[in-house]
Amino acid sequence: MPENIVIIGFSGSGKSSVGPALARKLGMSFHDTDVILEKRYRMPVSRIFAQHGEKSFRSSEKELIASLLGELKTGQVIALGGGAFEDRDSRRLVKTRAAVIYLSCSQRELYRRLKDQTDRPLLDSVTGQEIRSDIKRLLHARRPHYLMADLVVSTTNRTVKETVNEITRKLKTVYDSNKSTS
Ligand code: S3P
């Protein structure tokens, strides 16, 4: 199995629920960068954006990722916020220090999961149509980077348990085959 696993994906794709379940199954620790940042700032992410600005959030997010993936850090499953993989330095570091898993999800399913949520500052439009277009716009911009992941696993129409089983099946296929050829 890889030293570390980093889970990426759009808001609502299931990172914060699949991550802990995967960590438990693999006997690894779990870290959610949004949760850590909310504890550090002592406020929800939406208020970090409002009071400190997105630039400050992204800077803290980038520093946290670098800290979590320091040379001696192993045995971790880390869930990144939906925009973290947009930073080139973070992408490069994560790709060298972890197996990257992209949790993909259909736009229709993302909308169903996100439409009534109020804690995503980049998805705080009022009307359903505006939220749909925000999801479409952001997902279109980010998908090329998400697809740089080592594994892509869809959470559309999948339970957390089914997703974890699919991830571990794919990880075994990749890492056991590497072991047998090494
Ligand atoms: C963001 C996603 C959020 C959080 C912040 C920015 C984004 O995390 O990091 O609101 O840029 O898509 P989730 O993916 O857990 O919602």
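Everything that follows concerns the structure shown earlier in this document.
So, here is what we can say about the structure in this document. Everything quoted here is computed from the prediction, not taken from an experiment.

Calculation rules
- Residues numbered from 1 in each chain as written.
- Predicted model: local features only at pLDDT ≥ 70, side-chain atom pairs only at ≥ 80, totals over all residues.
- Heavy atoms only, no water.
- Phe/Tyr/Trp six-rings, centres within 6.5 Å; stacked < 30°, edge-to-face > 60°.
- Buried < 20%, exposed > 50% of the residue type's maximum accessible area, 1.4 Å probe, protein only.
- Helix = DSSP H or I, 4+ residues; strand = E, 2+ residues; numbered from the N terminus.
- Lys NZ or Arg CZ within 6 Å of the ring centre and 35° of its normal.
- Axes fitted to C-alpha atoms, helices over the stretch in contact; angles between N-to-C directions.
- Parallel < 35°, antiparallel > 145°, perpendicular 65-115°, else oblique.
- Left-handed = near helix turned anticlockwise from the far one by under 90°.
- Contact = heavy atoms within 4.5 Å.
- Salt bridge = Lys/Arg side-chain N within 4 Å of Asp/Glu carboxyl O.

Applying the stated rule across the entire model yields two aromatic pairs. Taking the centre distance of 4.9 Å and the plane angle of 45 degrees together, the rings of Phe49 and Phe57 count as tilted. Note on accessibility: Phe49 and Phe57 belong to one class, buried. Between Tyr102 and Tyr146, the aromatic rings sit 4.9 Å apart at their centres with planes inclined by 25 degrees, giving stacked as the arrangement. Highlighted residues: Tyr102 in strand E4 (residues 99-104) and Tyr146 in helix H7 (residues 128-146), separated in sequence by 44 residues. Its relative accessible area of 1% is what places Tyr146 among the buried residues. Across from the ring centre of Tyr111, 4.0 Å away, lies the NZ or CZ of Arg132, which sits over that ring.

Two quantities define a packed helix pair, namely the angle between the axes and the distance from one axis to the other. Two elements in contact, helix H4 (residues 54-68) and helix H5 (residues 88-97), have axes separated by 10 Å at closest approach and are oriented at 15 degrees. The orientation of H4 relative to H5 falls into the category roughly parallel. When the axes of H4 and H5 are compared, the crossing they make is left-handed. Contacts from Lys62, Ile65 and Ala66 in H4 reach Asp89, Ser90, Leu93 and Val94 in H5.

For the structure on display, the rule yields 12 salt bridges. The residue Arg137 makes a salt bridge to Asp134 at a minimum N-O spacing of 3.2 Å. Of this pair, Arg137 and Asp134 both sit in helix H7, three residues apart, which is roughly one turn of the helix. Connected through salt bridges with shared partners, the residues Glu54, Arg58 and Glu61 form a single ionic network.

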